[in-house]
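# Residue-level structural notes
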Amino acid sequence: MNASETVRQMGSPVVEFEHVTKVYDDGTLGLENASTVIREGEFVFLVGPTGCGKSTFIRLMMKEFDATEGHLYIAGRDITHMDRDRIPFLRRNIGAVFQDFKLLPNRTVYDNVAYSLLVTGASRAEIRQKVPHSLRLVGLSTKLHNYPDQLSGGEQQRVSIARAFVNHPPLLICDEPTGNLDPETSLGIMQLIYRINRTGTTVVVATHDKQMVDRMRRRVIELKDSHIVRDERAAQYTQEFAAIDDTHQSVDAA
Amino acid sequence: MNFRFFFSEALRTLRRNSAPSIAAFLTVMVTTLVLGVFIPITNIATGAANDVRSRLMVEVFISDAATKAEVAALKGKLEANQYVKSVNYVSKAEAQESLSGTLKDASELLGKNPLPASYQVTPKDPDQVDAIVQSLQSSAKTSSGKPSYVSPAIDDVQNREDQTNKILTITGGVKFAMWGLAILLVLTSALLVGNTIRLSIYARRREVEVMRMVGATSWFIRWPFVIEGVFVGAAGGLFAVLMLLIFKQTVIDPVSDKFALFAAPDTINFWGLTLILMVSAVLISALGSGMTLRRFLRV
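Residues numbered from 1 in each chain as written. Chains lettered and ligands numbered in written order. Predicted model: local features only at pLDDT ≥ 70, side-chain atom pairs only at ≥ 80, totals over all residues. Heavy atoms only, no water.

### Side note on the overall build of chain B
Each helix and strand counted, chain B has 10 helices and six strands in total. Of all 299 residues assigned to chain B, the portion counted as buried reaches 39%. When contacts within chain B are restricted to residue pairs at least 6 apart in sequence, those whose partners lie at least 24 apart make up 82%. (Helix = DSSP H or I, 4+ residues; strand = E, 2+ residues; numbered from the N terminus. Buried < 20%, exposed > 50% of the residue type's maximum accessible area, 1.4 Å probe, protein only. Contact = heavy atoms within 4.5 Å.)

Here is the structure:
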């Protein structure tokens, strides 16, 4: 395990912040002089109190707005002043999971996942093949035809993870994925995200669930008042999730 | 391009978002109707005014006392005038012939022909009537205050310009009012279509958010809204054209024989009008959707 973790740490950079500052139009400071590198296959927690800049950090990666200063690279490409027309294609390579799930209430579980393929121009055959596969991965094969309001919060978040992962993006960004869920359900969601990480996907999770962060002992980037105040890798990664994961042999190999 | 997806999305919002769509549909319909009524009316009015203008001429009445040489010299002078297109001689007998009914009887009672011979001078351009009249007048005035003329053969010069000017002023006013009204209506329709699209953007904000998140291109997101707007416009235009067709066949066609105006050759062809109306209805709504999408759908 330690050997493979070392290899992952030496992987090519997926996200690079280079002295990035973001000032909003109304003058609010979102992020100031942030520099960090997230490498391929890493699992990174982004922590800090509300209003510390976590959302700014995430929205910069999603290219919802331009950085005011500095440079931001995704997969080696400078996206600081990216052509507007190119942004959708960047987002197709980034899976996103949010606290409020962002599911479409008038569509079934299957259609919600299929929708993200549909609007990116996937063929019918591709949709028919990928959607059930992704839903099987998150353990919702039996609820394909349910509507989101018929599911529990944890199940809804699984649908949104299935949607984010259906294209097997190299980068998965989760903004408070367990913010609306009880501790037990949260653990299940974190396990799922961890399993996705094990397939080689780089994962960034913003959370203020301190207990979860302490328990998982992954790399932590802490933000406070728009600054990165801590960026540390645990000396030894916990085996806890790996142990749990071993009892679920349905890890996706893709 | 996934047109089935775009159409089903557009129809879906039309169904769910029907109240503003109906308002926009009705406004587009009224606008198209008004355009459909006013375009032929201004056409007729302009046609009539042009007809009057084209018949505009200067009548140069020849003094009975004029010698043949003077008359011939006058003709040469008129034909040499740069503004004149043609000169037509009307003899005293022809002038009498042209009188009709009671007037003719009256002139016969007189026992002699009181009408002078004249040259009917057609200008190259109706606007040059004044120039022709002026070129025939000499600067000196006679003692009675009447203008004197360049040739002794001229008794009087008349043109019907005053009447024409009145007609032109009225048709100009009608045209101006029509265009003002049309522009106002077009703006209102465009704004209402825009408002409909704005509401449907609001109703579909979650879909739009998800589409952006998973990387749909901006035109993929816009298409359903554009289709929705154009659909509203085309439906409004179509209904207006149908109403005009019914009106034409039940009211205009039966009486068109009795009113020469309706049958005037330069009245616009109905199918041409239909084409113009449908294109403008669709353009109006496309304009409305476009403006709204630019403002409210930042993708």
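### A few points about the interface of chain A and chain B
It is common to give the size of an interface as the accessible area that goes away when the parts come together. Listed per partner, the contact involves 23 residues of chain A and 20 residues of chain B. Summed over both partners, the interface of chain A with chain B comes to about 1900 Å²; 53% of that surface belongs to carbon and sulfur atoms. For chain A, the biggest contributors to the area lost against chain B are K102, Y115 and V119 of chain A; these three give 27% of the whole. For the pair chain A and chain B, the number of links is three salt bridges. Ionic pairing is found between R107 of chain A and E9 of chain B, a salt bridge with its closest N-O pair at 3.2 Å. There are five residue pairs in polar contact (both at pLDDT 80 or more) connecting chain A and chain B. Those elements that provide at least two residues to the side of chain A that touches chain B are α3 (87–91), β6 (94–98) and α4 (109–118) of chain A. Taken together, the residues that form the side of chain A that touches chain B break down as 11 nonpolar, three polar and nine charged. (Buried area = accessible area lost by both parts, 1.4 Å probe. Salt bridge = Lys/Arg side-chain N within 4 Å of Asp/Glu carboxyl O. Polar contact = N/O pair within 3.5 Å; in protein donor to acceptor, adjacent residues only side chain to side chain. Nonpolar A, V, L, I, M, F, W, Y, C, P; charged D, E, K, R; others polar.)

### Here's the deal with helix α6 (residues 129–136) of chain B
By the burial criterion, the buried members of α6 of chain B are V129, I132, V133 and L136 of chain B. Looking straight down α6 of chain B, one finds that the buried residues subtend no more than 100° of arc, so they occupy a single side. (Arc of directions from axis to C-beta.)

### Remarks on the packing of helix α6 (residues 153–165) of chain A against helix α7 (residues 183–198) of chain A
All names here are of chain A. Contact geometry for α6 and α7: axes closest at 10 Å, N-to-C directions at 15°. Classified by the interaxial angle, the pair formed by α6 and α7 is roughly parallel. In this structure, the crossing between α6 and α7 has a hand that is right-handed. Facing G154, Q157, R158, I161 and F165 of α6, the residues of α7 in contact are T185, G188, I189, L192, I193 and I196. Split by residue class, the contact of α6 with α7 holds six nonpolar, four polar and one charged. (Axes fitted to C-alpha atoms, helices over the stretch in contact; angles between N-to-C directions. Parallel < 35°, antiparallel > 145°, perpendicular 65-115°, else oblique. Left-handed = near helix turned anticlockwise from the far one by under 90°.)

### Section: a positive patch on the surface
On the surface, a cluster of positive charge is made up of R84 of chain A together with R198, R294, R295 and R298 of chain B. On the secondary structure map, R294 of chain B appears in helix α10 (residues 270–296). (Patch = residues over 30% accessible without salt bridge, like charges linked within 9 Å, V, L, I, M, F, W, Y side chains within 5 Å. Areas by Shrake-Rupley, 256 points an atom, 1.4 Å probe, with all protein chains shown as cover. Lys, Arg positive; Asp, Glu negative; His and termini not counted. Charge placed at Lys NZ, Arg CZ, Asp CG, Glu CD.)

### What to know about the sheet that holds strand β2 (residues 29–39) of chain A
Residue and element names in this part refer to chain A. Strand order across the open sheet formed by four strands is β2-β1-β4-β5, with antiparallel pairing between neighbours. What marks the edges here is a single partner per strand, and that holds for β2 and β5 (77–78). Where strand β1 (residues 13–23) meets strand β4 (residues 69–74), five bridges bridge the pair, whose relative direction is antiparallel. Residue pairing in the sheet places V15 in a bridge with I74 of β4. Contacts from helix α2 (residues 54–61) reach β1, β2 and β4 within the one sheet, and its direction differs from that of β1 by about 120°. (Pairing = 2+ DSSP bridges.)

### Looking at the sheet that holds strand β6 (residues 154–159) of chain B
Residues and elements named next belong to chain B. The strand order across the open sheet built from four strands is β2-β3-β1-β6, with neighbouring strands paired in antiparallel fashion. What marks the edges here is a single partner per strand, and that holds for β2 (84–90) and β6. Looking at each pair of strands side by side, their axes are set apart by 20° on average, direction ignored. Here strand β1 (residues 58–62) pairs with strand β3 (residues 118–123) via four bridges, running antiparallel. Residue pairing in the sheet places F61 in a bridge with S118 of β3. Helix α3 (residues 68–80) rests against β1, β2, β3 and β6 of the sheet, and its axis sits at about 5° to β3. On the sheet, α6 packs against β1, β2, β3 and β6 and is oriented at approximately 165° with respect to β6.

### Overview of the side chain of T36 of chain A
Residue and element names in this part refer to chain A. Position of T36 among the secondary structure elements: in strand β2. Overall, T36 belongs to the buried group, its relative accessible area being 6%. Within the structure, T36 has its side chain in polar contact with the side chain of D231 (distance 3.1 Å). Residues contacting T36, with those up to four places away along its chain left out, are V15, E16, F17, F57, R219, I221, I228 and D231.

### Topic: unusual backbone geometry
Residue and element names in this part refer to chain A. Unlike most non-glycine residues, K63 shows phi in positive territory, near 60°. Within the fold, K63 resides in the loop between α2 and β4. We note that A75 has phi near 50°; this positive angle belongs to a residue other than glycine. Relative to the elements of secondary structure, A75 occurs in the loop between β4 and β5. Of the residues examined, A75 reaches a relative accessible area of 62% and is grouped as exposed.

### Some points on helix α5 (residues 124–137) of chain A
Residue and element names in this part refer to chain A. Between its first and last C-alpha atoms α5 spans 20 Å; for 14 residues at 1.5 Å apiece the expected length is 20 Å, and the two agree. Considered for burial, the residues of α5 that qualify are I127, V131, S134, L135 and L137. On an axial view of α5, the arc spanned by its buried residues comes to 145°, and they lie on one face. Relative to its buried face, α5 has exposed residues pointing more than 90 degrees away, namely A125, R128, Q129 and R136. At the exit of α5 stands G139, carrying a positive phi of roughly 80°. (Expected span 1.5 Å × (residues − 1).)

### As for the packing of aromatic side chains
Under the defined criterion, the tally for this structure stands at 12 aromatic pairs over all chains. With centroids separated by 4.1 Å and ring planes inclined at 10°, the aromatic side chains of F17 of chain A and F57 of chain A adopt a geometry described as stacked. Of this pair, F17 of chain A sits in strand β1 while F57 of chain A is found in helix α2, placing the two residues 40 residues apart along the sequence. F57 of chain A matches F17 of chain A in its accessibility class, with the two residues each being buried. Here the aromatic cluster, defined as three or more aromatic residues joined through ring pairs, consists of Y115 of chain A together with F5, F6, W219, F220 and W223 of chain B. Between K22 of chain A and the ring centre of F65 of chain A, over which it is positioned, the NZ or CZ distance is 4.5 Å. The lysine or arginine in question, R205 of chain B, covers the ring of Y202 of chain B, its NZ or CZ lying 4.1 Å from the ring centre. (Phe/Tyr/Trp six-rings, centres within 6.5 Å; stacked < 30°, edge-to-face > 60°. Lys NZ or Arg CZ within 6 Å of the ring centre and 35° of its normal.)

### Considerations on the environment of L199 of chain B
All names here are of chain B. Mapped onto the secondary structure, L199 falls in helix α7 (residues 161–203). Assessed through its relative accessible area of 37%, L199 is described here as partly exposed. Each C-alpha atom of the pair L199 and N17 lies 7.8 Å from the other, and the pair is 182 residues apart in sequence. When sequence neighbours within four positions are dropped, the list of residues in contact with L199 reads N17 and P20.

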